[in-house]
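Take a look at the letters that make up each chain.
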Amino acid sequence: MGNITYKTHGTCARAIHFTKTDDGRITNISFDGGCNGNLKAISKLCEGMKAEDIAEKLRGNTCGSKNTSCADQLAKAVENEA
């Protein structure tokens, strides 16, 4: 497992960084760009959660007229690393 960087698509945030532990938990979540306060909150709320739980909760969340969001991109990032 280890440190992962995911390049986002269709969001203000450019990348998501996180660590995936050996037991599938996600820690140390941070975003490059995006809405700083909201993304800090998402990071705190998801800290230590299992990847599949993050994906289930955040998948499909949209932002404005976009068909994705930073939260949706986090779901995709942890799914891709499952």
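In the block above lies the structure referred to throughout.
Because the structure is predicted, anything quoted here is derived from the model rather than measured.

J.: So what's going on with the overall build of the protein chain? Which residues, and what values?
T.: Scanning the protein chain for helices and strands turns up three helices and three strands. For the protein chain, the sequential pattern of α-helices and β-strands runs β-β-β-α-α-α. Projected onto its principal axes, the C-alpha coordinates of the protein chain cover approximately 35 × 20 × 20 Å. Considering the protein chain as a whole, with its 82 residues, one finds that 41% of them fall into the buried category. In the protein chain, once contacts between residues fewer than 6 apart in sequence are set aside, the share between residues at least 24 apart is 33%. Surface accessibility of the protein chain: about 4800 Å² in total, with carbon and sulfur atoms responsible for 48%.

J.: Can you explain the side chain of aspartate 72? Please cite residues and give values.
T.: With respect to the helices, strands and loops of the structure, aspartate 72 is situated in helix α3 (residues 70-80). If we skip the residues at most four places from it in the chain, aspartate 72 touches Leu58, Arg59, Gly60, Asn61 and Asn67.

J.: Can you break down the sheet that holds strand β2 (residues 15-20) residue by residue, with the values?
T.: The three strands lie next to each other as β1-β2-β3, forming an open sheet whose pairing is antiparallel. In this open sheet, the two edge strands, each paired with only one partner strand, are β1 (2-7) and β3 (26-32). With strand direction ignored, the average angle separating the axes of adjacent strands in the sheet is 15°. Pairing between β2 and β3: five bridges, direction antiparallel. Looking at the pairing, histidine 17 lines up with serine 30 of β3. Sitting on the sheet, α3 touches β1, β2 and β3, and the angle it makes with β2 is about 45°.

J.: Describe the environment of lysine 57, and please don't skip the residues or the numbers.
T.: Its place among the elements puts lysine 57 in helix α2 (residues 51-58). As for lysine 57 and alanine 71, which are separated by 14 residues in sequence, their C-alpha atoms are 9.1 Å apart.

J.: Lay out α3 in plain terms, naming residues and giving numbers.
T.: Where burial is concerned, most of α3 is hidden: eight out of the 11 residues are buried. Within α3, burial applies to Cys70, Ala71, Asp72, Gln73, Leu74, Ala75, Ala77 and Val78. Turning to α3, the residues buried within the fold contact β1, β2, β3, α1 (36-46) and α2. Where α3 begins, the side chain of serine 69 points an oxygen toward the backbone nitrogen of alanine 71, at a separation of 3.3 Å.

What counts and what doesn't
- Residues numbered from 1 in each chain as written.
- Predicted model: local features only at pLDDT ≥ 70, side-chain atom pairs only at ≥ 80, totals over all residues.
- Heavy atoms only, no water.
- Helix = DSSP H or I, 4+ residues; strand = E, 2+ residues; numbered from the N terminus.
- Buried < 20%, exposed > 50% of the residue type's maximum accessible area, 1.4 Å probe, protein only.
- Contact = heavy atoms within 4.5 Å.
- Areas by Shrake-Rupley, 256 points an atom, 1.4 Å probe, with all protein chains shown as cover.
- Pairing = 2+ DSSP bridges.
- Axes fitted to C-alpha atoms, helices over the stretch in contact; angles between N-to-C directions.
- Polar contact = N/O pair within 3.5 Å; in protein donor to acceptor, adjacent residues only side chain to side chain.

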